[in-house]
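Listed below are the residues making up each chain.
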Amino acid sequence: MGLESVKKYACSAWNSEGRKELPKWAYRKLSSIRTSIYVLCLMALSFMVGTVFPQGESYEEYEKAGGKFLFFVSAFDLLEFFSSPLFLLLAVVFSLNLAICVLERYKALFVRRTFPKLFKPTKSFLLTHDRGHSHEDVRAALKSMKFRVADKDGDWVVMEKGLPYKWLTWAYHAGIVVCLFGVLLTFLFAFEEMMTLKPGEPQTIAPESTGLVQSIWQDKAAPSDFHLVLDKFTTEYTEAPELVYPDDKKARAAIGLGWQGLSHELKDDSLFAKDWWASLRAVAGGATIAEKKIEINDPLELEGYTIYLLGFEQELKLMVDGNPLLIDAKADSEVMLPNAATISFGTLRSGTATRVDGKEEEFTPYVTVRKTDSTGDPAILRLGDSVIVDNVTVTLAGFTESAILSYRYDPGVGVLWAGGLVVLLAVALRFYGAYYLIAYKVDDSDDIVHLSVHVTTKGLLADKQKLLNRLEARLTENDIKPVPLPSI
Amino acid sequence: MPLDSILSRDSFLLMAELRLFWLVAAFYAFSLILHLFHVFSRGESAGKTANTLLWVGAVIHVGLITLRTFETGRAPFQTLYESLSFFACSAVLTYLFVSRRWKGIYLPGTLVAALAFGACMYALLSRSPAIEPLSPPLQSWWFEWHVVLAFFSYAVFIVSAAVEISYLAVKPLLKSGDGQYGFRADMLEDFHGTALRLVLFGFPLLTFAIFSGAAWANVAWGRYWSWDPKETWSLITWTVFTLYLHSKAIPSMRGTPASVFNILGFICMLMTFLGVNWLAKLLGIPSMHVYAV
Ligand code: HEM
């Protein structure tokens, strides 16, 4: 859009003529593919901005970490860029541009197509028939090759075959509009929260927030009428030997060139959590309404919510010096012992393990433990066993494992997938499929009958040369055939 | 089998694999040197030998990746070490497939050999070849589809960029009647058309890769889009290739502007794969989380 025309409309917008013209002008601009080039450029640039600046960070954190360009960062909301007015405005222009293009092109799909009066021949053939027979032969040959007539009123007859590429082009653009609508639904209505579900402590889904639109009439979404119960949390491990591999590049090159060897070692705590599940039950009015063993990649869908397993939290019950004094400690954290050092725990392991030799076994749960200020290898503390730290005996008396769940309400997902399916199908067919348009003309102006053919193709599977070869073979095959004489 | 035997067998296999990988990198390195020699000398024999070396490297590389697949018992692109190897191999194979009918044209191989060599050296010197068990988020049907399609599209975009750059380099030479690198004026446009055809082939793959990534994120993390840098760069790449395709539909933009978009798309693709955090560092802006491949 030229600067001149923008100026012109900016000035004339104030008079009534201008006010009438402006929407028309905007509509015209928004239905143009050229505008979409500019808009797509701006979109790409704005996405880049969002990857350069740390999204979700506070300005203080940003400044502390040595972030630059503070003025711009705060003026343009660069730390929350994807929900900033600037980005949203651009997204609206992008969506309008696409939606209007789709609308305009939809109308065009039904307009009777017009073809040029003249085509530039891709190839010409000599034919040994008279003009009339040649015409029939060509038509018959093309029909047998599954071409259908698109226009036979001009000098050139136009025939076509293959996938309806105009519809497909339209379909994936329309599919993207549907996807954008799905994204809009997500933006307006979706919300998500987390909960920690302990075994034996049923909980309702009680969000503290709600979607953007729902927040107009309520602070938080209503609690669910069902309870979630964690029946069991299970983990499966696999024993994973560690590769002894140097950090130094020269040493790595030496290994690759065969001057140095390579080895694996199995440590006491070489277990890798390869799977974990939460057996969930949803209970309403005393009856179980849903039950599922969920894991990452396999959530539970219930009453508009999708309930995901994000992780787990472990609590250790420690006995100090044989005292019934119990300390609840999170695994992966530090504990200060009374009158003694601080100790650090690793992740608690419990469940079954597949050993290096393929054997499976249920093992005694254990946790690694070491004095926080020591650098040595940690000790292993098994369930029921003790370690002595600075003359203090610490016993692992028990533990609980809770599931960390996230639940999400998002009415946009289904719409997004439906649009996505259309986009994928239409893009694949349009780009990979084949469409041919052939225009031909039989000419005998200088007593030699010849056929001019123009071919256009769309789609990667369309092979122009192959089509021309087939046509030539068909026509010469017919040419050799004797022309039946009219019976007397 | 006793534990010690299992461990030493694993070490032996990994050792063999590493040496093969160094061998592959050496073939790519020599291929790159000869390609560069071809660029400067315009001699056909250097180009031909460079191409042969690329073939040999690729054949060993396929063997290597097959070995890794058996060794790990899963798709060979979980760690960045594996991904880099897969990336290099798929780019070289795609190039060799696309160029199989070209006669005497070796110029585009320079970029492909350089990328393949760079990726191999990065894997060998900066990443660990350890075989990691598949973590729970990766145990999904989407994992293989998502990654294979993304890498396949990357490979196709690399070759397209190599063709595009060669076209831009050769066009003025042909006009001035200078050395041709195996090109004749009448075949140049058809050669250039290959760049478009490759993007037409790669674009649906990238589209599917992004959708499958979103579908996967939706079941694994509970959100289909988080504006993670990697996600965002894949969207930038997709947008730039969309720009390329649209500019091909506008007569006045079909030439140089379209070529620029194609090359930009390739750069964005590299950013998506590797360069996401590098940019933030370069600009002195606090870095975000690194996305492990
Ligand atoms: C701002 C959003 C967009 C607008 C306004 C837009 C508009 C258009 C228009 C008007 C055309 C010409 C169609 C025709 O000749 O009938 C076109 C072609 C095309 N569009 Fe888009 N488009 C947009 C986004 C996209 C996206 C996101 C894709 C990716 C799937 C895409 C892929 C294409 C392709 C490949 C063509 C060439 C079609 C052909 O040659 O048949 N467009 N677009």
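Enquirer: Would you mind going over the overall build of chain B in detail, with residue names and values included?
Expert: From N to C terminus, chain B includes eight helices and zero strands. When its helices and strands are written in sequence order, chain B yields α-α-α-α-α-α-α-α. For chain B, the C-alpha radius of gyration of 20 Å lies close to 19 Å, the compact-globule estimate for 293 residues. Taken over the C-alpha atoms alone, chain B extends approximately 70 × 45 × 35 Å along its principal axes. Counting over 293 residues, chain B shows a buried share of 59%. Long-range pairs, those at least 24 residues apart, make up 77% of the contacts in chain B with a sequence separation of at least 6. Put simply, chain B shows about 11800 Å² of open surface, and 70% of that area lies on carbon and sulfur atoms.

Enquirer: Which residues make up the coordination of the iron atom of the ligand, and what values go with them?
Expert: Within the protein, the atoms that donate to the iron atom of the ligand are His-173 of chain A (NE2) and His-246 of chain B (NE2), at distances of 2.0 Å. A residue is classified by how much of its surface remains accessible, and His-173 of chain A, at 21% relative accessible area, is partly exposed.

Enquirer: Lay out unusual backbone geometry with the relevant residues and their values.
Expert: Residue and element names in this part refer to chain A. Despite not being glycine, Lys-146 has its phi angle at roughly 70°, a positive value. Residue position: Lys-146 is located in the loop between α7 (131-144) and β2 (148-151). Not every positive phi belongs to a glycine, and Asp-390 is a case in point at roughly 45°. Relative to the helices and strands, Asp-390 resides in the loop between β19 (386-389) and β20 (392-409).

Enquirer: Run through the interface of chain B and chain A, naming residues and quoting values.
Expert: On the side of chain A, 72 residues touch chain B, which itself brings 71 residues to the contact. Summing both sides of the interface, chain B and chain A together bury roughly 6000 Å²; the carbon and sulfur share of this comes to 74%. Remark: the boundary between chain B and chain A carries one salt bridge. Among the salt bridges present, the one from Glu-192 of chain A reaches Arg-223 of chain B, with a minimum N-O distance of 2.6 Å. Run the count over chain B and chain A and you get 16 residue pairs in polar contact (both at pLDDT 80 or more). Broken down by secondary-structure element, the contributors of at least two residues to the side of chain B that touches chain A are α1 (3-41), α4 (109-126), α6 (185-220), α7 (229-248) and α8 (256-282) of chain B. A total of 15 residues in the side of chain B that touches chain A trace back to one element, the largest contributor, which is α6 of chain B. Across the side of chain B that touches chain A, the residue classes tally to 50 nonpolar, 16 polar and five charged.

Enquirer: Now, about the layout of surface pockets: what can you tell me, with residues and values included?
Expert: Computed from the structure, the second largest pocket encloses a volume of approximately 1700 Å³. In this structure, the second largest pocket is lined by 50 residues; those nearest its centre are Phe-87 and Val-183 of chain A together with Tyr-224, Trp-225 and Trp-227 of chain B. Elements that contribute at least two residues to the lining of the second largest pocket include exactly α3 (33-52), α6 (85-110), α8 (165-189), β4 (191-197) and α10 (412-432) of chain A together with α6 and α7 of chain B. Residue contributions to the lining of the second largest pocket peak at nine residues, all from α8 of chain A. Classifying every residue of the lining of the second largest pocket by side-chain character gives 35 nonpolar, 10 polar and five charged.

Enquirer: Break down the confidence of the model for chain B for me, citing the residues and quoting the values.
Expert: Residue and element names in this part refer to chain B. Confidence in the prediction of chain B, expressed as mean pLDDT, is 91, and 94% of residues score 70 or more. For residues 287-293, every residue scores under 50 in pLDDT, and the model assigns this stretch 21 contacts once sequence neighbours within four places are set aside. Our summary of model confidence lists the complex with pTM equal to 0.90 and ipTM equal to 0.90.

Enquirer: Outline empty space enclosed by the protein, supporting the account with residue identities and numerical values.
Expert: Overall, the coordinates contain two cavities of 30 Å³ or more when judged by the stated rule. Estimates place the volume of the largest cavity at around 70 Å³. For the largest cavity, the full set of lining residues is Glu-17, Phe-21, Leu-64, Ile-65, Arg-68, Pro-76, Tyr-81, Glu-82, Ser-85 and Phe-86 of chain B. Mapped onto the lining of the largest cavity, the elements with two or more residues apiece are α1, α2 (44-72) and α3 (80-98) of chain B. When residues of the lining of the largest cavity are assigned to their parent elements, the largest contribution, four residues, is made by α3 of chain B. Each residue belonging to the lining of the largest cavity can be placed in one class, and the counts come to six nonpolar, one polar and three charged. Around the second largest cavity sit Leu-163, Tyr-165, Leu-168, Leu-429, Arg-430, Gly-433, Ala-434, Tyr-435 and Lys-458 of chain A, which together line it. Listing elements by their share of the lining of the second largest cavity, those giving two or more residues are α8 and α10 of chain A. Split into classes, the residues belonging to the lining of the second largest cavity amount to six nonpolar, one polar and two charged. A domain split of the lining of the second largest cavity shows at least three residues from each of domain 2 (112-162 + 434-480) and domain 3 (164-190 + 410-432) of chain A.

Enquirer: Describe in detail the domain arrangement of chain A, supporting the description with residues and values.
Expert: The domains assigned to chain A are domain 1 (31-81), domain 2 (112-162 + 434-480), domain 3 (164-190 + 410-432) and domain 4 (201-404). Summarising the inter-unit geometry, the C-alpha centres of domain 1 of chain A and domain 3 of chain A are found 26 Å apart.

Enquirer: Describe the nonpolar core, with residues and values.
Expert: Counting residues in hydrophobic clusters, the biggest one holds 158 residues, and the most contacted among them are Leu-228, Ile-307 and Leu-405 of chain A together with Phe-183 of chain B. Ranked by residues supplied to this core, first place goes to helix α5 (residues 141-175) of chain B with 15 residues. Excluding anything up to four places from it in sequence, Leu-228 of chain A contacts Met-195, Leu-197, Pro-202, Gln-203, Ile-205, Arg-281, Ala-282, Ile-307 and Leu-405 of chain A. One finds Met-145, Met-159, Tyr-440 and Val-442 of chain A within the second-largest nonpolar core, a separate group that totals 22 residues.

Enquirer: So what about the confidence of the model for chain A? Which residues, and what values?
Expert: Looking at chain A, pLDDT values average 87 and 93% of them are 70 or higher. Below a pLDDT of 50 lies the segment residues 480-488 of chain A, which in the model reaches two contacts outside its immediate sequence neighbourhood of four places, other chains included.

Cut-offs used in this document
- Residues numbered from 1 in each chain as written.
- Chains lettered and ligands numbered in written order.
- Predicted model: local features only at pLDDT ≥ 70, side-chain atom pairs only at ≥ 80, totals over all residues.
- Heavy atoms only, no water.
- Helix = DSSP H or I, 4+ residues; strand = E, 2+ residues; numbered from the N terminus.
- Rg over C-alpha atoms; globule rule 2.2 N^0.38 Å.
- Buried < 20%, exposed > 50% of the residue type's maximum accessible area, 1.4 Å probe, protein only.
- Contact = heavy atoms within 4.5 Å.
- Areas by Shrake-Rupley, 256 points an atom, 1.4 Å probe, with all protein chains shown as cover.
- Donors = N, O, S within 2.8 Å, 3.2 Å for Na, K, Ca; no water.
- Buried area = accessible area lost by both parts, 1.4 Å probe.
- Salt bridge = Lys/Arg side-chain N within 4 Å of Asp/Glu carboxyl O.
- Polar contact = N/O pair within 3.5 Å; in protein donor to acceptor, adjacent residues only side chain to side chain.
- Nonpolar A, V, L, I, M, F, W, Y, C, P; charged D, E, K, R; others polar.
- 1 Å grid on protein atoms, 1.4 Å probe; cavity = no way out; pocket = protein on both sides within 12 Å on 5 of 7 lines; lining within 4 Å.
- Points joined across faces, edges and corners; volume = space filled by probe spheres on them.
- pLDDT = per-residue confidence, 0-100.
- Domains from an automatic or database assignment.
- Core = buried A, V, L, I, M, F, W, Y, C linked by side-chain atoms within 4.5 Å.

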